[in-house]
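A look at the structure
Here is what each chain is made of, one letter per residue.
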Amino acid sequence: MNGGGEAAVPPTENGAQQSQPLHQLKQALQIVYDPHSSNDDRKSAGAFLEAAKSEKEAPFHGFKLAHDRTLEPVVRHFGLLLLENALRYSWPDYTVSESTTVRNWILSLAENVNNGDPAYLRNKIAQLWVEVAKRQWDNEWLDMDELLVRLWENAAVQPNAAQRDLVLFILETLVDDIFNREDSVAGLRNTPLSKACFDVFTPLSVFNTYYPQRELSAVNRCGEDGWLMRLVRLLDEALDAGVKENSEAEVCSIKILGVLKACMGWSVSKAVAASKVVETVGRSLMVESTAVQMIATECLHTLFSKPFFEDDDFQSLVCPMYHSQTVELLKNIFNWIRVDPNDINEERYMFLKRFSEMISNLGSFIEDKASSLPNEIDLPGFLGLAFLIASHDSLAISIPALNLWTKILRSEILGQVEAVQPFTPQLLELATTRLIRYESMDEDSTNPSVIFLNEDLDTIPERHAFLGNYRRFCSSIVESITRRRPFEAFPFIISNVDNTLSSLYSNEPPFTFEQYKKNSMPFLRVDSQFSVVEAALKGYMKWSDANALEPVPASGRDELDQNLESWCQQILNKNFDDPLIKRRVIQLMVTFSTTALDNRPELMLKILEHILLTRPADYAANHAYTDAVKELMNVCTTEIQRLAMKMPDHLMVVYDQLQSKINEISAGDAVEDRTKIAFHTFLFTIKWVHCYS
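Residues numbered from 1 in each chain as written. Predicted model: local features only at pLDDT ≥ 70, side-chain atom pairs only at ≥ 80, totals over all residues. Heavy atoms only, no water.

A count of helical and extended segments in the protein chain gives 33 helices and zero strands. Here the C-alpha radius of gyration of the protein chain, 35 Å, is well above what a compact globule of 693 residues would show, namely 26 Å. Dimensions of the protein chain, computed from C-alpha atoms along their principal axes, come out at roughly 115 × 70 × 55 Å. Across the 693 residues in the protein chain, those meeting the buried criterion constitute 51%. In the protein chain, of all internal contacts separated by at least 6 residues, the share reaching a separation of at least 24 is 72%. Summed over its atoms, the accessible surface of the protein chain is roughly 32000 Å², and 50% of this surface lies on carbon and sulfur atoms. If you average the places of the 66 positive and of the 95 negative side-chain charges in the protein chain, the two averages end up 2 Å apart. (Helix = DSSP H or I, 4+ residues; strand = E, 2+ residues; numbered from the N terminus. Rg over C-alpha atoms; globule rule 2.2 N^0.38 Å. Buried < 20%, exposed > 50% of the residue type's maximum accessible area, 1.4 Å probe, protein only. Contact = heavy atoms within 4.5 Å. Areas by Shrake-Rupley, 256 points an atom, 1.4 Å probe, with all protein chains shown as cover. Lys, Arg positive; Asp, Glu negative; His and termini not counted. Charge placed at Lys NZ, Arg CZ, Asp CG, Glu CD.)

Shown next as structure tokens:
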């Protein structure tokens, strides 16, 4: 076929010349697939078939094999492989006549597809169509759209679901190769292929109304509807047929949604609106088929992931998703799909993850368009949906919505909207619950979040990276709330901490040296609560910096500072047996003293005294306890250094008393040499920083 055009001879001519090679190919295939063939015979037959792919008559032989319905499907499939090999490796050498002949063979195969053909045969024919389209559409081949529409309409008349599915497969694969994959062949002709896709998918009315001066492509468009409208119309019909009762309607819906999903990232927004894609895909979310709901969610997720919508497109495509009826529907869908952590349904679980990502994308538009949101949107209802998703036991489902809340609370406009304020106590509670260190909990824990986490992440590095991001979002929520409303947030947070500390061991066995283990649940709860306080302190300091230039100090600040100081003193007076809890107390108290309460030297001195006098009981029989004590003492030396660096002037006032006290402590037999060195370094740092600051 690379020379004088032998392969271009119609199959009805020169038949005797071609019958012998075809017979040999059939025999070789029979040997390969016969389980009784010897290894040597199978190897020889395989070598013969491989060599046949490079013969110049290979595409003709492939067409003849694939077209013969009397042959076994595997034999016909080999014929398609011969055609595919010719397309991939010999196409540049073909003349226009030869390439047209090969294309016509493939079109003939496509026209004769029916429901009796196995799916893998139909899909391979569709792939061959796409391979030709990537090389010839908008060039030598201009009537492809007309041929596809003819197949589409014939499939409805006959009816022939196989031809309909063939067209859907062709459309999805072609679009994916042009827009969504890094396909080398499509990449060489990306500009004309992209333009051709825009031309045949977009309704003509959209072009005439919004783009009347556009430059026309060379392809022949068939009809005024465009493929977006045709796809939506058929999807409506499939949904009307009922996917729960009709499995064919369910399969058809999934395939149509797959094509629409492939188109959403690049389609003209006005074409999406004119074709009523959002409304019909939204209908798909309501059906009782998780598979349909999944692909519908992915379709909307792709659409709402587009980086830019003009204001009128935002009004027509996105705003209807915020209407009360739609929000209530979305909430019902989320509540309806339940996943038991002890018996995870993979399909439902994956759907909820995608659903959460879609809602997060929708919420991002609220943030971007905060200054121009229409009055008819149900913002409280949508925020309630976002909080519902963020509260899910699965952190993988929760995290997109949690990230959305961090953006909302950071927004200068949305953060102060009245609809956001009722959620602040709930968000603080959620952040407190989720700031617990899940990676430190037992792997066999019955905590649903831990069970889901074990399902989602296999390796420790993945788990640490994911949980690090999750904790960052939780801390950001607390920080943002406190930055805007410190006088309301801090009392609420402090009250929660007090409640936790007062019932630390209520549902746990009491502390004993013998049974002690690191990262116990009482410690993890304390760590979670203290992490909330630390995040709140960051927000408070940002609020303080923003108000520092105000001529009149904010009313209530002195009272809040006094209450925080009193609370710190209460915490210092509590006795905790767990060395890790003692460690967290010291870290938190020093943070208070060096940030929000840095103008209260009396508190700082009490904290310093507490650190210097911290001497936990020894219990060498339990190595976990001994390790925890070492961690505590290391933190003690680190934290006094932090005090020396941050507050040297206050410490210089009592330097002599400090030196005397430290010498007294160092004289004890139980004090290690490195602790003595740390004490003297502390004294030196005070003098050095005081002198040079």
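Okay, the confidence of the model for the protein chain next. Low pLDDT means the predicted coordinates in that region are not meant to be read closely. When pLDDT is averaged along the protein chain, the result is 90, and 96% of the positions lie at 70 or above. The secondary structure element of the protein chain with the lowest average pLDDT is helix H1 (residues 15-33), at 71, and the one with the highest is helix H20 (residues 379-390), at 97. (pLDDT = per-residue confidence, 0-100.)

For the rest of this paragraph, the subject is a negative patch on the surface. Taken together, Glu346, Glu455, Asp458 and Glu462 make up a surface patch of like negative charges. Looking at the secondary structure, you find Glu346 in helix H19 (residues 346-368). (Patch = residues over 30% accessible without salt bridge, like charges linked within 9 Å, V, L, I, M, F, W, Y side chains within 5 Å. Salt bridge = Lys/Arg side-chain N within 4 Å of Asp/Glu carboxyl O.)

Attention shifts here to the packing of aromatic side chains. The tally for this structure, following the rule as stated, stands at 28 aromatic pairs. Between Phe304 and Phe365, the ring centres sit 6.3 Å apart and the planes meet at 80 degrees, which makes this aromatic pair edge-to-face. You can see Phe304 sitting in the loop between helix H16 (290-303) and helix H17 (311-318) and its partner Phe365 sitting in helix H19, a full 61 residues away along the chain. Residue classification places Phe304 among the buried positions, given a relative accessible area of 2%. On the basis of relative accessibility, which here comes to 6%, the residue Phe365 falls in the buried class. Between Phe513 and Tyr625, the aromatic rings sit 5.1 Å apart at their centres with planes inclined by 85 degrees, giving edge-to-face as the arrangement. Of this pair, Phe513 sits in the loop between helix H25 (486-502) and helix H26 (521-547) while Tyr625 sits in helix H30 (residues 623-646); the two residues are 112 residues apart in sequence, bridging distant segments of the chain. (Phe/Tyr/Trp six-rings, centres within 6.5 Å; stacked < 30°, edge-to-face > 60°.)

Another aspect to go through is the environment of Val278. You can see Val278 is positioned in helix H15 (residues 277-284). Relative accessible area serves as the criterion here: at 8%, Val278 is assigned to the buried category. Apart from residues no more than four positions distant in its own chain, Val278 is found in contact with Val272, Leu300, Leu303, Leu317 and Met321.

This part takes up the packing of H15 against H16. Between H15 and H16, whose axes approach to 8 Å, the crossing angle comes to 150 degrees. Of the possible angle classes, the one that applies to H15 and H16 is roughly antiparallel. H16 is crossed by H15, and the crossing has left-handed handedness. Contact with H15, carried on its side by Val278, Val281 and Ser284, involves Val292, Gln293, Ala296, Cys299, Leu300 and Leu303 of H16 and no other residues of that element. Looking at side-chain class alone, the contact of H15 with H16 contains seven nonpolar, two polar and no charged residues. (Axes fitted to C-alpha atoms, helices over the stretch in contact; angles between N-to-C directions. Parallel < 35°, antiparallel > 145°, perpendicular 65-115°, else oblique. Left-handed = near helix turned anticlockwise from the far one by under 90°. Nonpolar A, V, L, I, M, F, W, Y, C, P; charged D, E, K, R; others polar.)

Trp129, Trp137, Phe201, Trp405, Met589, Phe592 and Phe682 are the most contacted members of the largest nonpolar core, which has 215 residues in total. The dominant element in this core, judged by the number of residues it contributes, is H26, at eleven residues. When sequence neighbours within four positions are dropped, the list of residues in contact with Phe592 reads Val533, Leu537, Leu564, Trp567, Cys568, Leu597 and Asp598. (Core = buried A, V, L, I, M, F, W, Y, C linked by side-chain atoms within 4.5 Å.)

Within an α-helix, residues lying three or four positions from one another point in the same direction, as the helix has 3.6 residues per turn. Taken across its eight residues, H15 has six buried, putting it largely inside the fold. On its buried side, H15 packs onto helix H12 (227-241), helix H13 (247-264), helix H14 (269-274), H16 and H17.

In this section: the side chain of His392. Tracing the backbone through its elements, the reader meets His392 in the loop between H20 and helix H21 (395-410). Discounting residues that sit within four places of it in the chain, His392 has contacts with Phe334, Leu352, Ile397, Ser398, Arg434 and Phe452.

Two elements in contact, H19 and H20, have axes whose closest approach is 11 Å; the angle formed by their N-to-C orientations is 140 degrees. Overall, the two elements H19 and H20 adopt an arrangement that is oblique. For the element pair H19 and H20, the recorded crossing hand is left-handed. Here Phe355, Ser356, Ile359, Leu362, Gly363 and Ile366 of H19 lie close against H20, whose contacting residues are Leu379, Phe382, Leu385 and Ile389. Taken together, the residues of the contact of H19 with H20 break down into eight nonpolar, two polar and no charged.

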